[in-house]
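Geometric and topological summary
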Amino acid sequence: MTNLVTGATGTVGRQVVAELLRRGHSVRALTRDPGKADFPAGVEVVRGDLTDPGTLTAALQGVTGLHLITFGGPYFAPLETGPRVLELAREAGVRRITVLHGGGPSLLEDAVRAGEIPWTVLMPVEFMGNALAWADGVRTADEVREPFTDRLSAMVHEADIGAVAAVALTEDGHGGQEYVITGPDVLTLRDKTETLAAARGRAIRLVELTEEEAVGQWRASGLTDDVIGFLLEAYGNTPPVGRTVVPTVEKVTGRPARTFTEWAAEHADAFRA
């Protein structure tokens, strides 16, 4: 009984692979470049591309659980191949599907929801790993420069997203479910910087930017106007779902969600000079 993980080299995909492997399940990881995948022993790495469904036929053979993402190609372009991907999955005998929600409607998620195969949609809030965007500034200047410093987030550890996915792919009872996935705490930016400072053993200054300063900083880092607009809305007017703790992780996996303190301890070296 093999589980195929698409987007396997991504932030969430690697965690899905790791959790399936930890639970003793057979894992097949799909990637465009197997030579650069760098997965642990026991993971079968195969070449494939969701934007080219013809490359999936062999990868789907013998697969019972399928983890999907909704984007492909450069700059997270929405997949246009969802219906064909689902057709191939049905023909291959896939029995369960998880799909990582991409923040909005997509042809692939629509096809998953309309299909015959039991599905679970994973809807995580802000990733704890987003804090890695501050690493350079913390290492070089001991500071985090962000707008909307009072904003709240129920940010989630990526490993918990992987854990929920692994259960939904391998156990009954999760079909037709939309799982909002959060961490166990609602945090401000000050909470986050203080937690990172404690983990690395050195203080961090929190510098609040105006919206104009933030836009300039993001644009200089290469973000597109679409992404900048999304960030301004998400950070300046965080919806309730992004700042409300829900018990999904514990309900599905049987253990509490990981804290940002745990995440910070795991990644402390990234914030040390």
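See the structure above.
Anyway, here's the lowdown on the structure attached to this text. On a predicted model such as this, the values are computed, not experimentally measured, just so you know. (Residues numbered from 1 in each chain as written. Predicted model: local features only at pLDDT ≥ 70, side-chain atom pairs only at ≥ 80, totals over all residues. Heavy atoms only, no water.)

Observations concerning helix H2 (residues 82-92)
Because the α-helix completes a turn every 3.6 residues, residues three or four places apart line up on one side. Quick reminder of the rule: Accessible area is worked out with a 1.4 Å probe on protein chains only. A residue is then buried under 20% of its type maximum, exposed over 50%, and partly exposed in between. We count a stretch as a helix when DSSP gives it H or I for four or more residues in a row; a strand needs E for two or more, and each element gets its number in order from the N terminus. What the arc covers is the set of directions going from the helix axis to the C-beta atoms. For this analysis, residues touch if any pair of their heavy atoms sits within 4.5 Å.
For H2, the set of buried residues is Gly 82, Val 85, Leu 86, Leu 88 and Ala 89. Along the axis of H2, the buried positions cluster into a sector of 160°, meaning they face one direction only. The secondary structure elements touched by the buried residues of H2 are strand E4 (63-69), strand E5 (96-100) and helix H3 (107-114).

Looking at the sheet that holds E5
Condition: Two strands pair if DSSP finds at least two bridges between them. Under this scheme, a helix contributes an axis fitted over its contacting stretch, all axes are lines through C-alpha atoms, and angles between N-to-C directions fall in the 0 to 180 degree range.
Spatially, the seven strands line up as an open sheet ordered E3-E2-E1-E4-E5-E6-E8, and their pairing is parallel. Looking at which strands have only one partner, the edges of the open sheet turn out to be strand E3 (43-47) and strand E8 (177-181). When the angles between neighbouring strand axes are averaged without regard to direction, this sheet yields 20°. For E5 and strand E6 (residues 119-124), the ladder comprises four bridges, and the chain directions are parallel. Note on E6: the bridge partner recorded for Leu 100 is Leu 122.

Concerning the side chain of His 67
Rules: Whenever two N or O atoms come within 3.5 Å, that pair is a polar contact, provided that in protein one can donate a hydrogen and the other can accept it, and provided that, for residues adjacent in sequence, both atoms are side-chain atoms.
Looking at the secondary structure, you find His 67 in strand E4. Judged by its relative accessible area of 0%, His 67 falls in the buried class. Here the side chain of His 67 touches Thr 98 through a polar contact of 2.8 Å, side chain to side chain. Discounting residues that sit within four places of it in the chain, His 67 has contacts with Leu 4, Val 5, Thr 6, Val 12, Val 16, Thr 98, Leu 100, Leu 122, Ala 165 and Leu 169.

Overview of the side chain of Ser 153
With respect to the helices, strands and loops of the structure, Ser 153 is situated in the loop between strand E7 (143-146) and helix H5 (158-170). With relative accessibility at 4%, the residue Ser 153 sits in the buried group. A polar side-chain atom of Ser 153 sits 2.7 Å from a polar atom in the side chain of Glu 126. Here Met 155 takes part through its backbone nitrogen, which lies 3.2 Å from a polar atom of the side chain of Ser 153. In contact with Ser 153, other than residues within four places in its own chain, are Glu 126, Asp 185, Val 186, Leu 187, Lys 192, Gly 242 and Arg 243.

Re the pairing of E6
For E6, the buried fraction is high: five of the six residues fall into the buried class. Summarising the sheet, E6 and E8 pair through five bridges and their orientation is parallel. Residue pairing in the sheet places Leu 122 in a bridge with Tyr 179 of E8.

Remarks on a nonpolar patch on the surface
Heads up, the condition is: Grouping into patches uses exposed residues only, defined as over 30% relative accessible area, and leaves out salt-bridged ones; the cut-off is 9 Å for like charges and 5 Å for nonpolar side chains (Val, Leu, Ile, Met, Phe, Trp, Tyr). Methods summary: accessible areas were calculated by the Shrake-Rupley approach with a probe of 1.4 Å, and residue burial reflects only the protein chains presented. Salt bridges are defined by distance alone: a side-chain nitrogen of Lys or Arg within 4 Å of a carboxyl oxygen of Asp or Glu.
A cluster of nonpolar side chains, Leu 152, Val 186 and Val 245, forms an exposed patch at the surface whose accessible area comes to about 190 Å². Topologically, Val 245 is positioned in the loop between helix H8 (225-236) and helix H9 (248-253). Using a relative accessible area of 36% as the deciding quantity, one classes Val 245 as partly exposed.

Looking at the pattern of salt bridges
For the coordinates displayed, the defined rule picks out 20 salt bridges. Within this structure, Glu 19, Arg 22 and Arg 23 form a network of salt bridges that share partners.

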